[in-house]
Amino acid sequence: MKVSEAVGILGADLSKPSKMPGFGFSIPAERCLTGSKLAKVEGTPCHVCYAKRGNYTFPSVKSGLEKRYKALGHDLWVDAAVLLVDRRCTNAKCEEFRWFDSGDLQGVWHLRNIVKVCELTPHINHWLPTQERGILSKYLSEYGSLPANLCVRISGVKIGDPPPKLHAFKGMVQTSSVNSGVGFTCEAKSRGNECGPCRACWSKSISNVDYPQH
């Protein structure tokens, strides 16, 4: 499979999240299952979602996001994603990949495909933040675990609340919160909104990453 064919299968090339290391995969924030409901509730991160403003509103960006969403069910999606993740990260000499700087999981089948990509790219560290607790719980009940190189972080529902509880999940899952004052606080604001050398979001040794509201 050629790179151009892989891009066509995914609907659009991988994204390059601004000021973050490596590449990412994103779909429209409007396609979030749980996030779309939370977006209507004041006090939630989704209500002030950054992926609905700024660069995400450019026609070319919106088009690419929607094309990726519509291509999720392609039979060769996993193969195409593996090729592009490996090729883009290798060429950029990076070891990190982010799932969903915009958008979220669409079902257990979606998470399963992502897990396959992670398993086939063991040299890359993957990070996946999500509000889809139900999907994650069903996945773990059916498949039991997540790859060692995939750090899934359950996102907090309300700004300022304590990190989400993990008693319903079987390990290998971390949390993310906003303005909770708990755990490791994201330092991006202190360096021009760039990750810099920090890789806390990808690290399973850090149970919660707290993000200042932005």
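Refer to the structure printed above.
**Focus: the packing of helix α4 (residues 77–92) against helix α5 (residues 108–119)**
Between α4 and α5, the shortest axis-to-axis distance is 9 Å and the interhelical angle comes to 40°. The orientation of α4 relative to α5 falls into the category oblique. At the point where α4 passes α5, the crossing takes the right-handed sense. For the pair α4 and α5, the contacting residues are W77, V78, A81, V82 and V85 in the first and N113, I114, K116 and V117 in the second. Of the residues contributing to the contact of α4 with α5, the split by class is 7 nonpolar, 1 polar and 1 charged.

**Brief notes about the packing of aromatic side chains**
Taken as a whole, this structure holds 8 aromatic pairs when the rule is applied. Here the aromatic rings of F25 and W77 are separated by 5.6 Å at their centres, their planes lie at 90°, and the arrangement is edge-to-face. Taken together, the residues span a long stretch of sequence, with F25 in strand β1 (residues 23–25) and W77 in helix α4 at a distance of 52 residues. Of the two residues, F25 and W77, neither departs from the other in class, the shared state being buried. Among the residues examined, F25 registers a relative accessible area of 1% and is labelled buried.

**What to know about the sheet that holds strand β3 (residues 125–130)**
With parallel pairing, the 7 strands of this open sheet are ordered in space as β1-β2-β3-β4-β5-β7-β6. Two strands close off the open sheet at either side, each with one partner strand: β1 and β6 (184–185). Pairing between strand β2 (residues 96–99) and β3: 3 bridges, direction parallel. Paired with R98 across the strands is W127, a residue of β3.

**Remarks on the pairing of strand β4 (residues 150–155)**
Counting buried residues along β4, 6 of its 6 residues qualify, which places the element largely inside the surrounding structure. Judged by which residues are buried, β4 turns out to be covered on both faces: L150, V152 and I154 on one side and C151, R153 and S155 on the other are all buried. In this sheet, β4 lies alongside β3 in parallel orientation, the contact comprising 5 bridges. Bridging from a neighbouring strand, T130 pairs with I154 of β4. Handedness of the β3-helix α6 (residues 133–143)-β4 crossover: right-handed. Of the strand pairs in this sheet, β4 and strand β5 (residues 173–178) are connected by 4 bridges, and their pairing is parallel. By the bridge assignment, I154 is partnered in β5 with T175.

**A word on helix α1 (residues 3–10)**
Buried within α1 we find A6, V7, I9 and L10. Buried residues in α1, looked at end-on, bunch into an arc of 160°, giving them a common side. Structural note: α1 exposes S4 and G8 on the side pointing more than 90 degrees away from its buried face. Close packing links the buried residues of α1 with β1, α3 (59–70) and α4. At the C-terminal side of α1, G11 shows a positive phi close to 95°.

What counts as what
- Residues numbered from 1 in each chain as written.
- Predicted model: local features only at pLDDT ≥ 70, side-chain atom pairs only at ≥ 80, totals over all residues.
- Heavy atoms only, no water.
- Axes fitted to C-alpha atoms, helices over the stretch in contact; angles between N-to-C directions.
- Helix = DSSP H or I, 4+ residues; strand = E, 2+ residues; numbered from the N terminus.
- Parallel < 35°, antiparallel > 145°, perpendicular 65-115°, else oblique.
- Left-handed = near helix turned anticlockwise from the far one by under 90°.
- Contact = heavy atoms within 4.5 Å.
- Nonpolar A, V, L, I, M, F, W, Y, C, P; charged D, E, K, R; others polar.
- Phe/Tyr/Trp six-rings, centres within 6.5 Å; stacked < 30°, edge-to-face > 60°.
- Buried < 20%, exposed > 50% of the residue type's maximum accessible area, 1.4 Å probe, protein only.
- Pairing = 2+ DSSP bridges.
- Right-handed = clockwise from strand over helix to strand, strands pointing away.
- Arc of directions from axis to C-beta.

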